[in-house]
Structure formats: C-alpha cells, structure tokens
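Listed below, chain by chain, are the residues.
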Amino acid sequence: MRFTRSVLAASAVAALSVGTMTAMASPASAAPNTTPQKVCGSGYKTVNSATVGSLGTVYLTYNASNGQNCVTTIRNNPGKAVNMSAWVSVPDTEESHYDEGLFTSYAGPTYAYGKGHCVDWGGSIGNTYVQVYGSNCGSLKEHRITFTR
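First things first, this report covers the structure right here in the doc. Since the model is a prediction, treat every value here as computed from it, not as a measurement.

Structural notes on the overall build of the chain
In step 1: Within the chain, the secondary structure is distributed over two helices and nine strands.
In step 2: In the chain, the order of α-helices and β-strands from amino to carboxyl end is α-α-β-β-β-β-β-β-β-β-β.
In step 3: Expressed as a percentage of the 149 residues in the chain, the buried residues total 46%.
In step 4: Taking the intrachain contacts of the chain between residues at least 6 apart in sequence as the baseline, contacts between residues at least 24 apart amount to 52%.
In step 5: Accessible surface, the chain as shown: approximately 6,900 Å² in total, 55% of it carbon and sulfur.

Comments concerning the side chain of Glu100
In step 1: Looking at where Glu100 falls in the secondary structure, it is placed in strand 5 (residues 95-103).
In step 2: Of the polar contacts made by the side chain of Glu100, one reaches the side chain of Asn83; its length is 3.0 Å.
In step 3: In terms of polar contacts, Glu100 uses its side chain to reach the side chain of Tyr98, at 3.5 Å.

Here we look at the state of the cysteines
In step 1: As enumerated under the stated definition, the model contains two disulfides in all.
In step 2: Disulfide partner of Cys118: Cys137, at an S-S distance of 2.3 Å. The sign of the 95 degrees torsion about the S-S bond sets the Cys118-Cys137 disulfide as right-handed. In this pair, Cys118 is assigned in the loop between strand 6 (106-113) and strand 7 (119-125) and Cys137 in the loop between strand 8 (128-135) and strand 9 (143-148), connecting sequence segments 19 residues apart.
In step 3: Sequence-ordered numbering of the bonded cysteines in the chain yields a pairing of 1-2, 3-4.

Here's the deal with the nonpolar core
In step 1: One finds Val71 and Trp121 to be the most contacted residues of the largest nonpolar core, which totals 17 residues.
In step 2: For this core, the elements supplying multiple residues, two or more each, are strand 1 (45-52), strand 2 (56-63), strand 4 (82-90), strand 6, strand 7 and strand 8.
In step 3: Sorting elements by how many residues they give to this core places strand 4 first, with four residues.

A word on the environment of Thr51
In step 1: Tracing the backbone shows Thr51 in strand 1.
In step 2: For the pair formed by Thr51 and Gly122, sequence separation is 71 residues and the distance between their alpha carbons is 10.0 Å.
In step 3: If we skip the residues at most four places from it in the chain, Thr51 touches Gly56, Thr57 and Val130.

Structural notes on the pairing of strand 4
In step 1: For strand 4, the tally of buried residues reaches seven of nine residues, placing the bulk of the element in the interior.
In step 2: Here strand 4 runs beside strand 5; their pairing, made up of nine bridges, is antiparallel. Counterpart to Ser85 in the pairing with strand 5 is Glu100.
In step 3: Summarising the sheet, strand 4 and strand 7 pair through six bridges and their orientation is antiparallel. Bridge pairing links Ser85 to Ser124 in strand 7.

Things to note about the sheet that holds strand 6
In step 1: Spatially, the four strands line up as an open sheet ordered 1-2-3-6, and their pairing is antiparallel. Each edge of the open sheet is held by one strand with a lone partner, namely strand 1 and strand 6. Along the sheet, successive strands turn relative to each other by an average axial angle of 15 degrees, direction set aside.
In step 2: Relative to strand 2, strand 1 runs antiparallel, the two sharing seven bridges. The partner of Thr51 across the bridge, within strand 2, is Thr57.

Quick notes on the rules
- Residues numbered from 1 in each chain as written.
- Predicted model: local features only at pLDDT ≥ 70, side-chain atom pairs only at ≥ 80, totals over all residues.
- Heavy atoms only, no water.
- Helix = DSSP H or I, 4+ residues; strand = E, 2+ residues; numbered from the N terminus.
- Buried < 20%, exposed > 50% of the residue type's maximum accessible area, 1.4 Å probe, protein only.
- Contact = heavy atoms within 4.5 Å.
- Areas by Shrake-Rupley, 256 points an atom, 1.4 Å probe, with all protein chains shown as cover.
- Polar contact = N/O pair within 3.5 Å; in protein donor to acceptor, adjacent residues only side chain to side chain.
- Disulfide = S-S within 2.5 Å.
- Core = buried A, V, L, I, M, F, W, Y, C linked by side-chain atoms within 4.5 Å.
- Pairing = 2+ DSSP bridges.
- Axes fitted to C-alpha atoms, helices over the stretch in contact; angles between N-to-C directions.

Next up, the structure:
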C-alpha cells in the first residue's frame, strides 16, 4: 500500500530526519532492470539523482509537458523486502508527498507539481537516508545530506 499526503514541507522533512513517519508495510516487486522512467511513467526524464550509500539511488525526474516532478528510490540489488522511502516537497507551495514501506526493488513514485519552483527530495534504503534541499531551481545552490541511523 502506498500513501500520499499533503503536509507542510518542514514537517515532512523534520519527521523524515528523526524517522517518526509511520511505515506502511507493502512488498513491491519489479524487474531487476527497473528505471526511474519505468516507475514514474512516460515523459519523465531524470534531472537529478543521489546515491544511497552503496545500496541504490534516489532519482528526481521531471515531465515538461505537465510540470510534475517524480521521485523514486531504486535498489541496486533487489531482493528481500527492506524499509525504503521516496519523498518530494515543494516548499513554495507546501505540497509534499511521501512513500515508505517494505519494498523489494523500489519506493515511490511520489509526484509534486514543481514547474518554476525549487524542490526538496530524497529517500532511504534500510537505515541510509539522502535528503536534497533547494534542488533544480536555477542558480541557487542545493544542499545534500546523507546519513545512516
């Protein structure tokens, strides 16, 4: 089961930082050759990514035809279900969406309208988390945080 909720961006980021969001257990299965485009859908192009240690990658994709960003976290080696997450937030609009659960291959997709806005995004695999703030908004410098709990 995936869930999406609109929450204040700061609340979502703070909750993710301290790991207080509720996990919804749900196995997902995918072919080992899962790509962000297969998860997010046609028309989405990868515009940014961040490695989750040696476990996988979080991808930020964008669809120019509808202005939507999509985030998915994809494991390098699918297998036994582990706790994973993917999230995206648009601070200017306070739109935020989050997916967390027990997955075999990937978490997400999570979508948010990001045309003309900076986006915050990230994800996790096991106890390794990646958070990217102020991303894809022109000349501003983004901030990346990776940590293991």
